[in-house]
There are 2 protein chains.
Amino acid sequence: MNLVQVIKALSDETRLRILNLLRQGELCVCEIETILGITQSNASRHLNRLTYARILEFYKKAQYVYYKLNEDTLKRYSFIKEILDNELIREELYRADLEKLRRYRESKLSCDDLRRNKVCFDEENQNLFIEQDNAYN
Amino acid sequence: MNLVQVIKALSDETRLRILNLLRQGELCVCEIETILGITQSNASRHLNRLTYARILEFYKKAQYVYYKLNEDTLKRYSFIKEILDNELIREELYRADLEKLRRYRESKLSCDDLRRNKVCFDEENQNLFIEQDNAYN
DNA sequence: ATAATATATGAGTATAAACGAATATAATCA
DNA sequence: TGATTATATTCGTTTATACTCATATATTAT
C-alpha cells in the first residue's frame, strides 16, 4: 500500500462519510447503510475498499461485522487523522451525518430494531421514524 | 471547491510528483515535462487540474508559464502540507524525482537549453545528457 | 433441518479519469 | 512578416470507479 493508494481510498464522498461516522466508534454494516441512506452492497464495497487500504479493520460477532478505524494506520499517516479531526467537521454534509448518528444512539434502538422495524431517517427533519412490522413486510 | 474535490486532485501519482517538484520552487511546464518524462499535453492537463483545485497558481512570463504552490490553500488545508512535507520523501519515486531536479539545477541549463538541445535524463543513471542540434532535429 | 438475516460478491452499466496524437493559440525571434 | 516555440485544448481510446440488481455465503433463530 503506497501513498497514492491511500489517498485514492479517501477520495470519495461516501467513504469520507463512513470514516466520519466511525470516528465516533465502531458500527456494523447495517447501521452504516441506514444512517447514510445507501444500499447494502454499496456500503459493503466501500468498507471493503477502506479495509484493503488498511484504513479500517473489522471483527465479526454473531451475524454482524463491525468496522472501526485502524489506529495504526492513522498513526502512520497523520494526514488522515488531520482530515478526520479538522476537515470533515467544516462541511454540513458530515455534520448532518453525525447528527443522525447521535439521534440513532439516543434512541437506544439496536441494529436488529433498525432492520426489523424498518427504521428510517426522514430526510426532511432528520428524525428517526419506525414503520411497525406488518403482514406485508 | 470542497474537501473531496481537493483530495481527488491529490489522488494521482503524476500530480503528486508535480507537487513534489514544486515544493522546491516554481517551474515552467517544459521543465516539469522533462524532469518527470511525461508528455506536454499530460503535464498541462495535470497542472490545470491542480490549479482548478487551487493547489497551484501560475504566472506568465514571456512565452513561459510558471507554476507554483498556492500557499493560501496549503495553509487552509494543512493535511496537504503534511503530505508534501512528510509523506512524499518516504517513497523512492519522489526522492528520485528530486534528485533529477537537483541535477538539472546544478547543470545551470535553462528551460531553453532543455528544448533546443533535447536534454533528457538517462533513465538508468539519472544523468543529464545532451543531444546536440543537428540538421535532422 | 429450515427459514430468516447480515454481509459479500458477481454481472452489467454508466460515468469519470488518464493518456497520446494532433491541432489551436499566443508569444518570441529572426 | 514568417518561422519557431511554449502551452492549452480537442478527439478518440482505454482503464478505473461507482452504482444497482441479483445471487451466494454464513450465521442465527425456530
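Positions within a chain are numbered from 1, following the residues in the order the chain's sequence is written. Starting at A for chains and at 1 for ligands, labels are handed out in the order in which the entities are written. Residue-level local features of this predicted model are given only where pLDDT is at least 70; pairs of side-chain atoms are given and counted only at 80 or more, and the full residue set underlies all totals for whole chains, interfaces and linings. Think of the side-chain values as coming from all heavy atoms in the structure, minus any hydrogens and water.

Caption draft 1: Geometry of unusual backbone geometry. Residues and elements named next belong to chain B. Despite not being glycine, Arg54 shows a phi value in the positive range, around 65 degrees. A run of H or I in DSSP becomes a helix once it reaches four residues, and a run of E becomes a strand once it reaches two; helices and strands are each numbered from the N terminus. Within the fold, Arg54 resides in the loop between α4 (40–52) and β2 (56–61). Only protein chains enter the accessibility calculation, which uses a 1.4 Å probe; a residue is then buried when its area is under 20% of its type maximum, exposed when over 50%, and partly exposed in between. The exposure class assigned to Arg54 is exposed, which follows from its relative accessible area of 55%. Backbone geometry at Ala62 places phi at a positive 55 degrees, although glycine is not the residue there. Structurally, Ala62 is set in the loop between β2 and β3 (64–69).

Caption draft 2: Quick peek at the protein's contact with DNA strand D. To be near a molecule or strand, a residue needs just one of its heavy atoms within 4 Å of it. Taken together, the neighbourhood of DNA strand D is formed by 24 residues, with His46(A), Cys30(B), Gln40(B), Ser41(B) and Tyr67(B) sitting nearest. Sugar and phosphate atoms form 64% of the subset of DNA strand D atoms that lie within 4 Å of the protein. Here a polar contact is taken to be a pair of N or O atoms separated by no more than 3.5 Å, where protein atoms must pair a possible hydrogen donor with a possible acceptor and residues adjacent in sequence count only if both atoms sit in side chains. Taking Thr39(A), its side chain carries an N or O atom lying 3.1 Å from a phosphate oxygen of DNA strand D. Arg45(A) is positioned such that a nitrogen or oxygen atom in its side chain is 3.0 Å from a base oxygen of DNA strand D. Contributing elements (two or more residues each) for the surface near DNA strand D: α2 (13–22) and α4 (40–52) of chain A together with α3 (29–36), α4 and β3 of chain B. Per element, the largest residue contribution to the surface near DNA strand D is five residues, and it comes from α4(A). Grouping the amino acids of the surface near DNA strand D by side-chain chemistry returns seven nonpolar, ten polar and seven charged. Three classes are used, and their members are as follows: Ala, Val, Leu, Ile, Met, Phe, Trp, Tyr, Cys and Pro are nonpolar, Asp, Glu, Lys and Arg are charged, and the others, Gly among them, are polar.

Caption draft 3: Main features of the sheet that holds β2(B). All names here are of chain B. One requirement defines pairing of two strands: DSSP has to find at least two bridges between them. As summarised here, the arrangement of the three strands in space is β1-β3-β2, forming an open sheet in which the pairing is antiparallel. Across the chains shown, the open sheet's two edge strands, defined by having one partner strand only, are β1 (27–28) and β2. Summarising the sheet, β1 and β3 pair through two bridges and their orientation is antiparallel. Each bridged residue has a counterpart across the sheet, and for Leu27 the counterpart in β3 is Tyr67.

Caption draft 4: Spatial organisation of the packing of α3(B) against helix α7 (residues 92–106) of chain B. Residues and elements named next belong to chain B. Lines fitted to C-alpha atoms define the axes here, with helix axes fitted over just the stretch in contact, and angles between the N-to-C directions of these axes take values from 0 to 180 degrees. The interhelical angle for the contact between α3 and α7, taken along N-to-C directions, is 125 degrees, at an axis separation of 10 Å. Regarding the angle of α3 to α7, the classification is oblique. α7 is crossed by α3, and the crossing has right-handed handedness. Across the interface between the two elements, Glu31, Ile35 and Leu36 of α3 pack against Asp97, Lys100, Leu101 and Tyr104 of α7. Considered class by class, the residues forming the contact of α3 with α7 number four nonpolar, no polar and three charged. Roughly parallel covers angles under 35 degrees, roughly antiparallel covers those over 145, roughly perpendicular covers 65 to 115, and oblique covers all other angles. Here a crossing is called left-handed whenever its near helix is offset anticlockwise from the far helix by less than a right angle, and right-handed whenever the offset is clockwise. Contacts between residues were defined by any pair of non-hydrogen atoms, one from each residue, lying within 4.5 Å.

Caption draft 5: Representation of the environment of Glu99(A) within the structure. All names here are of chain A. Position of Glu99 among the secondary structure elements: in helix α7 (residues 92–106). For the pair Glu99 and Ile35, spaced 64 residues apart in sequence, the C-alpha separation works out to 9.8 Å. Here the side chain of Glu99 touches Arg102 through a polar contact of 2.8 Å, side chain to side chain.

Caption draft 6: Looking closely at the interface of chain A and chain B. Listed per partner, the contact involves 21 residues of chain A and 21 residues of chain B. A 1.4 Å probe defines the accessible area here, and the buried area is the portion of it lost by two parts on being joined, summed over both. For the pair chain A and chain B, the summed buried surface comes to about 1,900 Å²; carbon and sulfur atoms form 61% of the total. When a carboxyl oxygen of Asp or Glu is within 4 Å of a side-chain nitrogen of Lys or Arg, the pair counts as a salt bridge. The interface formed by chain A and chain B includes two salt bridges. Arg76(A) is the partner of Glu87(B) in a salt bridge, and the nearest nitrogen-oxygen pair spans 2.9 Å. At the surface where chain A touches chain B, the tally comes to eight residue pairs in polar contact (both at pLDDT 80 or more).

Caption draft 7: Up close: the relation of the copies chain A and chain B. The fit set for superposing copies consists of C-alpha atoms from residues with pLDDT of at least 70 in both; the fit itself is least squares. Relative to chain B, chain A is turned by 180 degrees and slid 0.0 Å along the rotation axis, the superposed coordinates differing by an RMSD of 0.0 Å. The transformation relating the two chain copies, once decomposed into turn and shift, fits a two-fold axis. Residues of chain A ranked by C-alpha distance from the rotation axis are headed by Phe79(A), positioned 2.5 Å from it. When the interface residues of chain A are mapped onto chain B, 100% of them again lie at the interface, so the same face is used by both copies.

Caption draft 8: Molecular detail of the packing of helix α2 (residues 13–22) of chain B against α7(B). Residue and element names in this part refer to chain B. α7 packs onto α2 with a crossing angle of 45 degrees between their chain directions and a minimal axis gap of 10 Å. In terms of orientation, α2 lies oblique with respect to α7. The chirality of how α2 crosses α7 is right-handed. Only Leu93, Tyr94, Asp97, Leu98 and Leu101 of α7 make contact with α2, whose side of the interface consists of Glu13, Leu16, Arg17, Asn20 and Leu21.

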